[in-house]
Amino acid sequence: MSTKTVQIELAAETLELFTRYQKYTGTTTEFYITQLVEKTLPTVKAMVEAMDEASENPDANLDVMEIFGRKMAAASMEQRDEEQANPIKVN
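Residues numbered from 1 in each chain as written. Predicted model: local features only at pLDDT ≥ 70, side-chain atom pairs only at ≥ 80, totals over all residues. Heavy atoms only, no water.

Focus on the environment of Val64
- Inspection of the secondary structure assignment puts Val64 in helix H3 (residues 64–85).
- The sequence separation of Val64 and Glu53 amounts to 11 residues, and the corresponding C-alpha distance is 8.1 Å.
- When residues no more than four places from it in sequence are discounted, the contact partners of Val64 are Met47, Ala50, Met51 and Ala54. (Helix = DSSP H or I, 4+ residues; strand = E, 2+ residues; numbered from the N terminus. Contact = heavy atoms within 4.5 Å.)

Here it is in structure tokens:
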């Protein structure tokens, strides 16, 4: 899997907030943003797949948001099943 580096400009207030957050948590801005993007990928994937599906047959008058809702529900159920199969164990 290839990767791509993306540069993001943050407002001074945002950067200051992340600097304070890192002071308390040890979590860098880069790590926080990377995790945020990775955690929201199922949403992006569902939206892109819904738009793909709706555009495959424009005459069918498919509702992108309805398709998106179905795909998000399926992704949510997959995530639930995976979490149940591999529960987090606290020692």
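Here's the deal with the packing of aromatic side chains
- With the rule as written, the count across this model stands at two aromatic pairs.
- An angle of 65° between the planes, with centres 5.1 Å apart, marks the rings of Phe18 and Tyr32 as edge-to-face. Remark: Tyr32 occurs in helix H2 (residues 29–56) and Phe18 occurs in helix H1 (residues 12–25); sequence separation between them is 14 residues.
- Owing to a relative accessible area of 15%, Phe18 belongs among the buried residues under this scheme.
- Owing to a relative accessible area of 34%, Tyr32 belongs among the partly exposed residues under this scheme.
- Taken together, a centroid distance of 5.6 Å and an interplanar angle of 80° make the contact between Tyr21 and Tyr32 edge-to-face. Of the two residues, Tyr21 sits in helix H1 while Tyr32 sits in helix H2, which places them 11 residues apart along the sequence. (Phe/Tyr/Trp six-rings, centres within 6.5 Å; stacked < 30°, edge-to-face > 60°. Buried < 20%, exposed > 50% of the residue type's maximum accessible area, 1.4 Å probe, protein only.)

Here we look at H3
- Spanning 22 residues, H3 covers 31 Å between terminal C-alpha atoms, matching the ideal 32 Å at 1.5 Å per step.
- N-capping of H3 is provided by Asp63, with a side-chain oxygen placed 2.9 Å from the backbone N of Met65. (Expected span 1.5 Å × (residues − 1). Polar contact = N/O pair within 3.5 Å; in protein donor to acceptor, adjacent residues only side chain to side chain.)

Let's talk about the packing of H2 against H3
- The interhelical angle for the contact between H2 and H3, taken along N-to-C directions, is 135°, at an axis separation of 8 Å. Overall, the two elements H2 and H3 adopt an arrangement that is oblique. In the crossing of H2 with H3, the sense of the turn from one axis to the other is right-handed. Within the contact between the two elements, H2 uses Pro42, Thr43, Ala46, Met47, Glu49, Ala50, Met51, Glu53 and Ala54 and H3 uses Val64, Met65, Ile67, Phe68, Arg70, Lys71 and Met72.
- Its residues placed into classes, the contact of H2 with H3 shows 11 nonpolar, one polar and four charged. (Axes fitted to C-alpha atoms, helices over the stretch in contact; angles between N-to-C directions. Parallel < 35°, antiparallel > 145°, perpendicular 65-115°, else oblique. Left-handed = near helix turned anticlockwise from the far one by under 90°. Nonpolar A, V, L, I, M, F, W, Y, C, P; charged D, E, K, R; others polar.)

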